[in-house]
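# Reading the structure
Take a look at the letters that make up each chain.
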Amino acid sequence: MMDLKAINAIRVLSAEAIQAANSGHPGLPLGAAPMAYTLWSKEMRHNPHNPDWHNRDRFVLSAGHGSMMIYALLNLFDYGLSMADIKNFRQLNSKTPGHPEYGHTKGIEISTGPLGQGVANAVGFAMAEAKLAAHFNRPEFPVVDHHTFALSGDGCLMEGISYEAASLAGTLKLGKLILLYDSNRITIEGSTDLAFDEDVSKRFEAMHWQVLEVEDGNDVEAIQKAIQDAKAETDKPSLIVVKTVIGFGCASKQGSHKVHGSPLGDDGIKELKAFANWEGTEAFDVPSELRTYMENQVAALSKSETEWNDLFKAYEKAYPELAKEYKKWFDNKAPMAYLDSEEFWSYQESTASRSSSGKVLNNLADVMPNLFGGSADLSPSNNSDIKGKPSFHPGSYDGVNLHFGVREHAMAAIVNGIQAHGGLRAYAATFFVFSDYMKPAMRLAALMNLPVTYILTHDSIGVGEDGPTHQPVDQLAMLRAVPNLQVVRPADAREVSAAWYMAMTSKSRPTALVLTRQKLEALEGSSKEALKGAYIVSPEQNKLDAILLATGSEVALAVDAQKQLRMNGMDTRVVSMPCMEIFEDQEQSYKNRILPKDTPTLAIEAGSPFGWHKYADDVVAQEGFGLSAPGDTLFDYFGFTVDNVVSSVKKML
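Overview of the structure.

Rules and cut-offs
Residues numbered from 1 in each chain as written. Predicted model: local features only at pLDDT ≥ 70, side-chain atom pairs only at ≥ 80, totals over all residues. Heavy atoms only, no water. Helix = DSSP H or I, 4+ residues; strand = E, 2+ residues; numbered from the N terminus. Expected span 1.5 Å × (residues − 1). Buried < 20%, exposed > 50% of the residue type's maximum accessible area, 1.4 Å probe, protein only. Contact = heavy atoms within 4.5 Å. Axes fitted to C-alpha atoms, helices over the stretch in contact; angles between N-to-C directions. Parallel < 35°, antiparallel > 145°, perpendicular 65-115°, else oblique. Left-handed = near helix turned anticlockwise from the far one by under 90°. 1 Å grid on protein atoms, 1.4 Å probe; cavity = no way out; pocket = protein on both sides within 12 Å on 5 of 7 lines; lining within 4 Å. Points joined across faces, edges and corners; volume = space filled by probe spheres on them. Nonpolar A, V, L, I, M, F, W, Y, C, P; charged D, E, K, R; others polar. Pairing = 2+ DSSP bridges.

## Comments concerning helix α10 (residues 288-318)
One turn of the α-helix equals 3.6 residues, which is why residues spaced by three or four share an orientation. Across its 31 residues, α10 extends 46 Å between first and last C-alpha, which sits within 8% of the 45 Å expected from 1.5 Å per residue. Of the residues making up α10, those classed as buried are L290, M294, Q297, V298, L301, S304, E305, W308, F312 and Y315. In this structure, the buried side of α10 is in contact with α1 (2-21), α2 (27-43), α3 (67-76), α5 (117-136) and α11 (320-331).

Shown next as structure tokens:
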């Protein structure tokens with residue numbers, strides 16, 4: 001009886017908050033409330049009074065538009081989300097934004113909104129759990145032992161990212177991953193029959209998932225039994241298809257697309273309250289007896305952490321070194337002794353930056369054993385594998401090299417889940433041009449302040465013979481436009497070290513390392529000053545006439561042009577700007593010293609000129625797409641030559 005009252009409280013609170021905001025999606029909370037409540041109250045291990053407990057089960061609401069349901073749960077389970085917060089749904093600076101936001105509201109494990117992202121995030125959480133469990137657990141001491149639950153709707157399972165991620169999860173046999181599918185067969189436009197009529201169960205079975213079905217989404221006992229059966233299957237992830245009625249309880253609108261994304265209206269609220277036996281109550285009123293019932297549930301749930309704390313204390317006595325390592329991994333601190341050492345900064349050679357990045361990565365792996373990542377089927381080309389270390393796969397979950405397959409979008413969202421889980425430092429790698437496929441998840445990483453690292457190789461027209469489909473010219477501008485994402489395009493091996501330093505010391509920014517296939521000459525003037533985002537790599541000799549501002553492979557071109565300009569009586573300064581975002585963090589006095597405002601400046605970059613006029617008076621850039629030809633030929637053809645740079649400076653002056 002009290003469980004039904006709690007379920008109806010979720011429905012009523014959700015509907016009332018959406019009505020007060022005159023904005024939101026009541027359909028999912030009304031239909032999915034029984035499965036969500038059953039999970040949270042009966043089958044999910046969590047401690048509402050410590051949402052950061054390491055060994056909690058993770059819950060991901062992939063169908064993020066149903067956010068009011070999770071806010072109602074957080075309120076009822078005493079996560080610190082007040083009724084005032086509920087009443088402030090979707091309002092400025094509230095703790096209850098339109099879609100769940102990681103780091104903003106306690107109890108939200110990951111930011112979801114774009115459909116399908118949460119499914120892939122959940123795969124990342126499950127991979128992190130498997131990796132950490134394989135590394136730290138010992139007989140009688142399962143210190144890492146939890147499940148990842150995700151709740152998706154029909155829309156999530158229409159998105160390609162869901163199937164990229166689900167395919168990998170099945171291949172990896174992630175038995176602690178459980179996806180609850182709110183199958184209400186309705187989208188914004190109407191019935192799913194309009195565009196989505198495949199057999200989802202058979203598709204998941206083909207991807208090596210266990211598939212369970214619950215015919216009645218209001219049958220709490222059947223839902224709990226299905227979750228228990230899913231937990232019992234340890235060699236496959238599980239899909240639980242729960243057949244629900246969208247907007248259940250509002251008789252005049254339930255089962256219709258009209259209840260998906262619009263408030264119920266006053267009459268609809270009355271219908272719902274009558275159905276839920278909630279008549280005569282004020283808006284946002286929760287019966288005192290339900291509050292007492294939920295307090296008892298929360299007290300019972302907190303015992304799970306108490307038991308785990310006792311287990312970990314015994315683990316510390318039995319395996320003190322492992323326990324120390326466990327704490328170090330979860331502290332998420334960069335290895336500053338190594339990063340600030342002479343050894344780290346002494347590496348310099350003339351080579352492609354993808355190659356020097358691979359060497360730096362492998363050196364870092366020796367001092368950061370919790371580095372965890374891989375490539376979308378391109379690790380030999382990306383130089384993103386950790387040499388001599390095993391791969392992560394069934395039977396070897398303690399492996400360090402991930403193989404994502406040709407799944408760039410899922411890869412980016414999966415590493416978000418790995419990073420958000422805690423204990424690991426996640427990275428992902430592919431060709432730079434395919435960052436287009438990764439962009440939605442990269443944007444969410446930046447929004448969530450997740451310090452994920454992206455290794456993006458084969459930059460610019462230097463890719464050469466593969467042609468314009470594989471030559472990134474607009475991607476630098478695209479990624480630089482993302483708030484809170486630091487994009488680093490190093491000019492030589494020493495700047496590559498600086499780039500990795502930026503990535504590993506970042507606490508709240510993801511980092512995109514943009515690396516070359518073409519060889520980069522070791523620059524005489526490159527230094528740790530690269531950590532400031534821009535610095536003088538080759539100074540003027542006497543009177544400063546102009547500045548050559550460049551990144552990546554074009555810095556060496558600028559240095560060569562500087563010599564030619566001196567022979568022509570023009571004294572220039574070469575500034576390398578590996579990272580605009582870091583440069584913008586510097587004091588204005590430093591920025592003015594590096595780029596004096598009254599000095600003519602020419603920017604040089606083999607990418608789109610978009611964004612460079614903030615710093616430069618003119619730009620030598622890639623104005624259109626590239627062509628298929630050897631890289632050196634293309635640089636000459638498109639004007640990335642000493643003669644063209646010299647000519648451009650003369651025109652500018």
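Further notes follow.
## With respect to the packing of helix α20 (residues 554-567) against helix α24 (residues 642-652)
The N-to-C vectors of α20 and α24 enclose an angle of 60 degrees; their axes lie 9 Å apart at closest approach. With respect to α24, the element α20 is oriented oblique. Along this stretch, α20 crosses α24, giving a crossing that reads as right-handed. For the pair formed by α20 and α24, the contact residues are L557, D560, A561, Q564 and L565 on the first element and V642, V645, V646 and V649 on the second.

## Some details on the layout of surface pockets
By volume, the largest pocket is sized at about 610 Å³. Contributing to the lining of the largest pocket are 33 residues, with D52, R56, Y102, E109 and A420 lying nearest its centre. Every element with two or more residues in the lining of the largest pocket is listed here: β1 (58-61), α11 and α16 (408-421). Among the elements that line the lining of the largest pocket, the one with the most residues is α16, at 3 residues. Looking at the lining of the largest pocket residue by residue, the classes come out as 13 nonpolar, 13 polar and 7 charged.

## Describing the packing of α10 against α11
Where α10 contacts α11, the axes come no closer than 5 Å and their chain directions differ by 125 degrees. Relative to α11, α10 is oriented oblique. Residues W308, F312, Y315, E316, K317 and A318 of α10 touch α11, and the partners they reach there are P320, L322, A323, Y326 and K327.

## Side note on α3
The buried count for α3 comes to 10 of 10 residues, which makes it a mostly enclosed element. Within α3, the full set of buried residues consists of S67, M68, M69, I70, Y71, A72, L73, L74, N75 and L76. Among the structural elements, α1, α2, β1, α4 (83-87), β2 (148-153) and α10 are those in contact with the buried residues of α3. Positive backbone phi, approximately 60 degrees, marks D78, located one or two places after α3.

## Description of the sheet that holds β2
Strands sit in the order β1-β2-β3-β7-β6 across an open sheet of 5 strands; the sheet is parallel. Of all strands in the sheet, those with a lone pairing partner are β1 and β6 (210-214), marking the two edges. Geometrically, the sheet is characterised by an average inter-axis angle of 20 degrees between neighbouring strands, direction not taken into account. The pairing of β1 with β2 spans 4 bridges and is parallel. Looking at the pairing, V60 lines up with A150 of β2. Strands β2, β3 (177-183), β6 and β7 (238-243) of the sheet are contacted by helix α8 (residues 220-232), whose axis makes an angle of about 170 degrees with β6.

## Digging into the sheet that holds strand β18 (residues 572-576)
Here 5 strands make up an open sheet; going across it, the order is β16-β18-β17-β19-β20 and the pairing mixed. Each end of this open sheet is capped by a strand with a single partner; those strands are β16 (535-538) and β20 (618-620). Across the sheet, the mean angle from the axis of one strand to that of its neighbour is 30 degrees, orientation sign disregarded. As judged from the 4 bridges shared by strand β17 (residues 546-550) and strand β19 (residues 601-604), these two strands associate in the parallel manner. Bridge pairing in β19 places A550 opposite I604. Where α20 meets the sheet, its contacts fall on β16, β17, β18 and β19, and the angle it forms with β18 comes to roughly 175 degrees. Running over the sheet, α24 touches β17, β19 and β20 and is turned about 150 degrees from β19.

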